[in-house]
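Residues per chain are reported as follows:
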Amino acid sequence: GPAKKFDPESGKNKAVPGCNIFLGGTIGENAHLSLEPAVKGVPLEHDILVPKLEELIIEHFGGTPRPAPSAGAGGLLAKVKALFRRD
């Protein structure tokens, strides 16, 4: 279903802009992508989407939690790269 977020004013979940997140597939000559979303209806809000992406990267791809980069230090891309950085 659509992405929903709790609205404290009305006390109900309301539809908000959102996305489905797909994981898996292959690359190469006979490449194919996953046809079913791993997660459906994730709101497109930084405070919801980024933690969900971090969770998936750690759970499915062996990412390692790192301290968040400072503000203005590359934003979301820097945060995702930090999950995969090897020390």
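Look up: the structure comes first, before these words.
Residues numbered from 1 in each chain as written. Predicted model: local features only at pLDDT ≥ 70, side-chain atom pairs only at ≥ 80, totals over all residues. Heavy atoms only, no water.

J.: I'd like to hear about the overall build of the protein chain, residue by residue, with values.
T.: A count of helical and extended segments in the protein chain gives 2 helices and 6 strands. Across the protein chain, helices and strands are ordered from the amino to the carboxyl terminus as β-β-β-β-β-β-α-α. Taking the contacts inside the protein chain whose residues are at least 6 apart along the sequence as the reference set, 33% of them involve residues at least 24 apart. By element, 57% of the accessible surface of the protein chain is carried by carbon and sulfur atoms, the whole surface being about 6,600 Å². (Helix = DSSP H or I, 4+ residues; strand = E, 2+ residues; numbered from the N terminus. Contact = heavy atoms within 4.5 Å. Areas by Shrake-Rupley, 256 points an atom, 1.4 Å probe, with all protein chains shown as cover.)

J.: Report on the pairing of strand E6 (residues 39-43), specifying residues and quantitative values.
T.: With 4 of its 5 residues buried, E6 lies for the most part within the structure. Sheet analysis places strand E3 (residues 18-21) next to E6, joined by 3 bridges and oriented antiparallel. Bridging from a neighbouring strand, Gly 18 pairs with Pro 43 of E6. (Buried < 20%, exposed > 50% of the residue type's maximum accessible area, 1.4 Å probe, protein only. Pairing = 2+ DSSP bridges.)

J.: A description of the nonpolar core should follow, citing residues and the corresponding values.
T.: With 5 residues, the main nonpolar core is built from Ile 21, Val 39, Val 42, Leu 49 and Leu 56. Contributing elements (two or more residues each) for this core: E6 and helix H1 (46-61). Setting aside chain neighbours within four positions, we find Val 42 in contact with Ala 3, Pro 17, Gly 18, Cys 19, Ile 21, Ile 48, Leu 49 and Lys 52. (Core = buried A, V, L, I, M, F, W, Y, C linked by side-chain atoms within 4.5 Å.)

Keep in mind these numbers describe shape, not what the thing actually does.
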